[in-house]
Number of protein chains: 2
Amino acid sequence: MRYVMVVEYDGTDYSGWQRQDNAPSVQQTIEDKLSIFLQKKTVIVASGRTDKGVHAYGQVAHFDTDSTVPPSNMRYAVNTMLPQDIRIVDMYEVAPDFHAQYSAKRKTYVYKTYVSRVLSPMRARYYAQVIPEVDVERMKEAAKCLVGEHDFRAFCSTGSSIQNKVRELYRVDIDVRGDEIIFEIEGNGFLYNMVRIIVGTLVFIGRGMLPVDTTQRMLDTGIRKLGGKTYPACGLALKSVKY
Amino acid sequence: MRYVMVVEYDGTDYSGWQRQDNAPSVQQTIEDKLSIFLQKKTVIVASGRTDKGVHAYGQVAHFDTDSTVPPSNMRYAVNTMLPQDIRIVDMYEVAPDFHAQYSAKRKTYVYKTYVSRVLSPMRARYYAQVIPEVDVERMKEAAKCLVGEHDFRAFCSTGSSIQNKVRELYRVDIDVRGDEIIFEIEGNGFLYNMVRIIVGTLVFIGRGMLPVDTTQRMLDTGIRKLGGKTYPACGLALKSVKY
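Keep in mind that this is a model prediction, so the values were computed, not measured. (Residues numbered from 1 in each chain as written. Chains lettered and ligands numbered in written order. Predicted model: local features only at pLDDT ≥ 70, side-chain atom pairs only at ≥ 80, totals over all residues. Heavy atoms only, no water.)

Student: Any chance you could explain the pattern of salt bridges here in plain terms?
Tutor: Two side chains carrying opposite charge are able to pair once their charged atoms lie near each other. All names here are of chain A. Applying the stated criterion to the full structure yields 34 salt bridges over all chains. Across the salt bridge formed by Arg123 and Asp179, the nearest N and O atoms sit 2.9 Å from each other. With Arg123 in the loop between strand 5 (106-115) and strand 6 (128-130) and Asp179 in the loop between strand 8 (166-177) and strand 9 (180-187), this residue pair connects regions lying 56 residues apart in the sequence. Asp175 is the partner of Arg177 in a salt bridge, and the nearest nitrogen-oxygen pair spans 3.1 Å. One connected set of salt bridges, linked through shared partners, spans Arg106, Arg171, Asp173, Glu184, Glu186, Lys239 and Lys242. (Salt bridge = Lys/Arg side-chain N within 4 Å of Asp/Glu carboxyl O. Helix = DSSP H or I, 4+ residues; strand = E, 2+ residues; numbered from the N terminus.)

Structure, rendered in structure tokens:
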């Protein structure tokens, strides 16, 4: 049978989702415990990797097993073996042709920031700091052109081997809550560092360090250097994956 | 001159506010850096201690100095020396008779919980988990009698040497936000573990493990054992001190 798991993790102490040789990854941590429970080496396949230090509320991964243990019991048992910063929040059987990566239709990322001249210790782990002043209306104006289907090569870090950089964004929401600015971006797929470059560019625009038409010019020219810096991993979390 | 500082800290990795011999405390960490900056051993006096693992958004402490450095510059300089989990968010001069502890009129604590059968890795550091089902109306009903001036000896852990256990609470707010229940308690003073015992007792009442009149019976009899467990330190934060 093919099972799917929804995973929440605090990515602070991991090298990212993907198994690596010399650093602890979320994938390896789950696979090791799941394999012990199933008494069989088991590989899990995620909707996509998340980078070092990036969090997830709803990462999705599938795996195959011939175990007869009900998924809710399996979830409970594996959770007792996992460290506190990783939990399987849901597990259920899916059709054999379901694939966590290839069947994914939409992903939503959330990026949290707070606007302050002083670092906030209570938010340092899950937020990025933004130095005031920030003009949110300018950011919203600059975000508009990102929605829709575009070649996002200007919003992709070098080192990506993917050729086709056309993606579709369904929304780029910018929500102000007190001194916090929360970005929520939903799309059919994301390039390497794409959300962090979008947020960094919008913040630079909001702070008046870049013109408001920067995002449009990046889409038009494909030039990464026109944008703002890649914002820190700690503010980013994979919120959900839709199938 | 007497200066006051407002301090935010993530208490996870500290033995508490108060300087101790064998464990890192928030007080010691700040005093050490401030003393280096002022080139003079300097003691800071807080509004009160916070326990091991308890956080603060607005702890207040005063100290005396003959430095001519403006407080905003001093704040900035000391912050650059502090670890990321402690920051002085404000610093200013006060009257020489101001005392961070004795001049304090009101304190507000916030206690954060989420209701879930599964531990939430993204909230494990700053929240306590509550297992469903929880009847919030029952908790609100039980919280009512706590407001006002009472002898709170039943809401105080043993080991406290304080004789007078009469305190006044101005409000016990219970706020539901999605799957989270946030407690905010304001009073003229708090006994050892008082907020954590109040929350633990209200949660037990909300889950139907204790009768709704438990809080009133605790006030009437002064018996700690009637209540729920002392809830974990991680969910608690000193929000603000009023003078």
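Student: Sorry if this is basic, but what is going on with the packing of aromatic side chains here?
Tutor: Any pair of aromatic rings gets described here by the distance separating the centres and the angle formed by the planes. Residues and elements named next belong to chain A. Per the stated rule, a full pass over the model turns up 15 aromatic pairs over all chains. Here Phe98 and Tyr243 contribute two aromatic rings whose centre-to-centre distance is 4.7 Å and whose plane-to-plane angle is 55 degrees, an arrangement assigned as tilted. Within this pair, whereas Phe98 is found in the loop between strand 4 (86-94) and strand 5, its partner Tyr243 is found in the segment after strand 10 (236-242), the two being separated by 145 residues in sequence. A relative accessible area of 13% means that Phe98 is categorised as buried. Ring plane angle 70 degrees and centroid distance 6.3 Å describe the contact between Tyr114 and Tyr127, whose orientation is recorded as edge-to-face. Placement of the pair is Tyr114 in strand 5 and Tyr127 in the loop between strand 5 and strand 6, with a sequence separation of 13 residues. (Phe/Tyr/Trp six-rings, centres within 6.5 Å; stacked < 30°, edge-to-face > 60°. Buried < 20%, exposed > 50% of the residue type's maximum accessible area, 1.4 Å probe, protein only.)

Student: In this structure, what is going on with the packing of helix 3 (residues 136-143) of chain B against helix 4 (residues 194-206) of chain B? I would like to understand it.
Tutor: Axis angle and axis distance: for two packed helices, these are the angle between their axes and the distance between the axes, and together they describe the pair. Residues and elements named next belong to chain B. Close contact between helix 3 and helix 4 brings their axes to 8 Å; oriented N to C, the two are set at 135 degrees. Taken together, the axes of helix 3 and helix 4 are oblique relative to one another. Like other packed secondary-structure pairs, helix 3 and helix 4 cross with a definite hand, here right-handed. Contacts between helix 3 and helix 4 involve Arg138, Met139, Ala142 and Ala143 from the first element and Leu202, Val203, Ile205 and Gly206 from the second. The residue inventory of the contact of helix 3 with helix 4, partitioned by class, reads 6 nonpolar, 1 polar and 1 charged. (Axes fitted to C-alpha atoms, helices over the stretch in contact; angles between N-to-C directions. Parallel < 35°, antiparallel > 145°, perpendicular 65-115°, else oblique. Left-handed = near helix turned anticlockwise from the far one by under 90°. Contact = heavy atoms within 4.5 Å. Nonpolar A, V, L, I, M, F, W, Y, C, P; charged D, E, K, R; others polar.)

Student: Would you mind showing me how to read the relation of the copies chain B and chain A here?
Tutor: Each copy of the chain is related to the other by a rotation around an axis and a translation along that axis. For the pair chain B and chain A, the relating rotation is 180 degrees, the translation along its axis is 0.0 Å, and the fit reaches an RMSD of 0.0 Å. In short, the pair behaves as if placed about a two-fold rotation axis. When C-alpha distances to the rotation axis are compared across chain B, the minimum falls at Arg125(B), with a value of 4.9 Å. When you check the interface residues of chain B against chain A, 100% turn up at the interface there too, and the contact is symmetric in its surfaces. (Least-squares fit on C-alpha atoms with pLDDT ≥ 70 in both.)

Student: Would you explain the nonpolar core in this entry?
Tutor: One broad rule of soluble globular proteins: the nonpolar side chains tend to lie buried together. Counting residues in hydrophobic clusters, the biggest one holds 68 residues, and the most contacted among them are Met5(B), Ile30(B), Phe63(B), Phe155(B), Leu169(B), Phe183(B) and Leu202(B). The element best represented in this core is helix 4 of chain B, accounting for 9 residues. There are two domains that each give this core at least three residues, and those are domain 1 (2-94) and domain 2 (106-242) of chain B. Setting aside chain neighbours within four positions, we find Phe155(B) in contact with Leu146(B), Tyr192(B), Asn193(B), Met194(B), Ile197(B), Ile198(B), Thr201(B), Thr215(B), Met218(B) and Leu219(B). Core analysis: the next-biggest nonpolar cluster, separate from the first, contains 67 residues, Tyr14(A), Ala46(A), Leu82(A) and Met139(A) among them. (Core = buried A, V, L, I, M, F, W, Y, C linked by side-chain atoms within 4.5 Å. Domains from an automatic or database assignment.)

Student: Help me out: how do you make sense of the interface of chain B and chain A in this one?
Tutor: Interface size is often expressed as the accessible area that is lost when the parts come together. Listed by partner, the interface residues are 23 residues for chain B and 23 residues for chain A. A per-residue breakdown of the area chain B buries against chain A is headed by Val118(B), Pro121(B) and Met122(B), which together make up 38% of the total. Viewed at the interface, chain A and chain B are joined by 0 salt bridges. Applying the counting rule to chain B against chain A returns 4 residue pairs in polar contact (both at pLDDT 80 or more). When contributions to the side of chain B that touches chain A are tallied by element, the ones reaching two or more residues are strand 1 (2-9), strand 3 (55-64), helix 2 (71-81) and strand 4 (86-94) of chain B. Counting residues per element, the side of chain B that touches chain A draws most heavily on strand 4 of chain B, which supplies 4 residues. (Buried area = accessible area lost by both parts, 1.4 Å probe. Polar contact = N/O pair within 3.5 Å; in protein donor to acceptor, adjacent residues only side chain to side chain.)

Student: Even after reading the chapter, I still don't get the pairing of strand 5 of chain A, so can you show me in this structure?
Tutor: Where a strand is regular, its side chains alternate between the two sheet faces. Residues and elements named next belong to chain A. When you tally the buried positions in strand 5, you get 8 out of 10 residues, the bulk of the element. Strand direction decides the pairing type here: strand 5 and strand 10, joined by 6 bridges, are antiparallel. Bridging from a neighbouring strand, Lys107 pairs with Val241 of strand 10. Pairing geometry for strand 5 and strand 9, over 8 bridges, is antiparallel. Across the sheet, Lys112 pairs through a bridge with Ile182, a residue of strand 9. Across 3 bridges, strand 5 lies against strand 6 in parallel orientation. By the bridge assignment for strand 6, Val115 is matched with Val130. (Pairing = 2+ DSSP bridges.)

Everything listed here is a matter of geometry and, on its own, says nothing about what the molecule does.
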